[in-house]
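Residue-level structure breakdown
The lines below spell out each chain.
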Amino acid sequence: MTVQRFLGSEWVSVHGPRDPRQLLVWVLDAGFAGVLAAPAPRPIDWSAMRSAAVDLPLELPVVRVGSVLAADSVTAGLASSREGQQATAMAAVRRAVETAAALGCRQIVLEPGLVPVMGEIESDDLGDPSYQWSAERGVAMVARRSVGRNEALDHACRAVHQLVRGFPEFRFSVTAGRNIRSIADHQGLLDLFEDLHQLPLGYWHDAAVGARREQIFGEAQGELLEDLGNRLTGMSLGDASPDGMQLPPGSGGVDYALLATYVPRTNSFPVAIELDPSVAPGDFAGVRSCLDKYGL
């Protein structure tokens, strides 16, 4: 089992140098193999990043569509029945494809959309530390979500099918999001893969989401990995607790020993440390110690 560790660009854009070359050297000096590209608080010129990386032992292998920090994913509309929302979501994916092409990478990670619900919502962000999530509140929102769930899943399947067939030179992977209305809960992902079983579609595991769902719903973190391990293309390793998500690994409820058992025996399995920008660079010694302990 050999993993390659990458840093998420949302954290990098806030804490790293502005100059592309200096930023990449800074990432290497911190002990990482490269950067996972995603929209960031401080915009990054990805073409300049690729040029700066040309003679460095560094990779930019994955593009994530949308922010790992936002509950309302830019791909929310993939599951919508409204043409305008669908078009907005598809445009976001196309921008990610353009970024991937600029970087020369072939893997794109996306959330397959959100289920629309009627009425006002107190909170739908499982990572919101200001909202006191409980099993009762979670179940109540899931019940509201169930009304439009099947229709939304159908729209999401059609959209993902169109993307995979429309960009055959790229490898798409779906991932679960921090929004409780996400299509990509356990059963939603199983149903999506069953519907799209003939497509070369991968699964990207978000450890923080898995831990947070276990804390609120009692869902075992290993269930998705057990069911979709044969499609696993990578992992995001931020941690989670009632205090928030994308916390430093080792500070929350993620079971890293469990995750390590599902890493395939390849020489280039990507794991991305995707952190909230509020995490201080000084926490990295603890992050490395935690991941080293489990071979991640």
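The following paragraphs examine the structure supplied in this document. (Residues numbered from 1 in each chain as written. Predicted model: local features only at pLDDT ≥ 70, side-chain atom pairs only at ≥ 80, totals over all residues. Heavy atoms only, no water.)

1. Structural notes on the side chain of Gln 107
Structurally, the position occupied by Gln 107 is in strand β4 (residues 107-110). A distance of 3.1 Å separates the side chain of Gln 107 from the side chain of Ser 173, its partner in a polar contact. Residue contacts for Gln 107: discarding those within four places in its chain leaves Pro 61, Val 62, Val 63, Arg 171, Ser 173, Trp 204 and Thr 233. (Helix = DSSP H or I, 4+ residues; strand = E, 2+ residues; numbered from the N terminus. Polar contact = N/O pair within 3.5 Å; in protein donor to acceptor, adjacent residues only side chain to side chain. Contact = heavy atoms within 4.5 Å.)

2. Looking at the packing of aromatic side chains
Enumeration over the complete set of coordinates arrives at six aromatic pairs. A centroid spacing of 6.5 Å and a plane angle of 45 degrees characterise the contact between Phe 167 and Phe 172, whose relative ring orientation is tilted. Exposure remark for Phe 172: the relative accessible area of 2% places this residue in the buried category. Summarising the aromatic geometry, the rings of Tyr 256 and Tyr 294 are spaced 6.3 Å apart at their centres and angled 25 degrees between planes, so their arrangement reads as stacked. Within this pair, whereas Tyr 256 is found in helix α10 (residues 256-261), its partner Tyr 294 is found in helix α11 (residues 284-294), the two being separated by 38 residues in sequence. Given the relative accessible area of 27%, Tyr 294 is considered partly exposed. Of the aromatic side chains, those joined through ring pairs into one cluster are Trp 11, Trp 26, Phe 32 and Phe 284. (Phe/Tyr/Trp six-rings, centres within 6.5 Å; stacked < 30°, edge-to-face > 60°. Buried < 20%, exposed > 50% of the residue type's maximum accessible area, 1.4 Å probe, protein only.)

3. Focus on the nonpolar core
Core analysis: the biggest nonpolar cluster contains 88 residues, and Leu 24, Phe 172, Leu 201, Met 235, Leu 237 and Leu 259 have the highest contact counts within it. Excluding residues that lie within four positions of it along the chain, Leu 259 makes contacts with His 205, Ala 207, Leu 225, Met 235, Leu 237, Val 254 and Leu 296. Counting six residues, the second-largest nonpolar core is a separate cluster that includes Leu 36, Ala 38, Val 62 and Val 109. (Core = buried A, V, L, I, M, F, W, Y, C linked by side-chain atoms within 4.5 Å.)

4. A look at α11
Given 3.6 residues per helical turn, the α-helix brings residues three or four places apart onto the same face. Turning to α11, its buried residues are Phe 284, Val 287, Cys 290 and Leu 291. Seen from one end, α11 has its buried residues packed into an arc of 125 degrees, which puts them on one side. In α11, those exposed residues whose orientation departs by more than 90 degrees from the buried face are Asp 292 and Lys 293. Where α11 is buried, its residues touch β1 (3-8), α1 (9-15), α10 and β10 (269-273). Positive backbone phi, at 70 degrees, marks Gly 295, one or two positions downstream of α11. (Arc of directions from axis to C-beta.)

5. Section: the packing of helix α4 (residues 83-103) against helix α6 (residues 149-166)
Viewed as axis vectors pointing N to C, α4 and α6 meet at an angle of 35 degrees, and their least axial separation amounts to 12 Å. The handedness of the crossing between α4 and α6 is right-handed. Contacts between α4 and α6 involve Gln 86, Met 90 and Val 93 from the former and His 155, Ala 159, Gln 162 and Leu 163 from the latter. By residue class, the composition of the contact of α4 with α6 is four nonpolar, three polar and no charged. (Axes fitted to C-alpha atoms, helices over the stretch in contact; angles between N-to-C directions. Left-handed = near helix turned anticlockwise from the far one by under 90°. Nonpolar A, V, L, I, M, F, W, Y, C, P; charged D, E, K, R; others polar.)

6. Observations concerning the packing of α6 against helix α7 (residues 186-195)
Their axes nearest at 10 Å, the elements α6 and α7 cross at an angle of 45 degrees. In terms of axis orientation, α6 runs oblique to α7. For the pair α6 and α7, the sense of crossing is right-handed. Between α6 and α7, the residues in contact are Arg 149, Leu 153 and Cys 157 and Gln 187, Gly 188, Asp 191, Leu 192 and Asp 195, respectively. For the contact of α6 with α7, a count of residues per class yields three nonpolar, two polar and three charged. (Parallel < 35°, antiparallel > 145°, perpendicular 65-115°, else oblique.)

7. A word on the pairing of strand β5 (residues 171-174)
As defined by bridge partners, β4 adjoins β5 across four bridges and the pair is classed as parallel. In the strand pairing of β5, Gln 107 is matched with Arg 171. Where β5 meets strand β6 (residues 202-206), two bridges bridge the pair, whose relative direction is parallel. Directly across from Ser 173, in β6, lies its bridge partner Gly 202. Following the chain from β5 across α7 to the adjacent parallel β6, one finds a crossover that is right-handed. (Pairing = 2+ DSSP bridges. Right-handed = clockwise from strand over helix to strand, strands pointing away.)

So, to be careful, I would describe these as geometric facts and stop short of saying anything about function.
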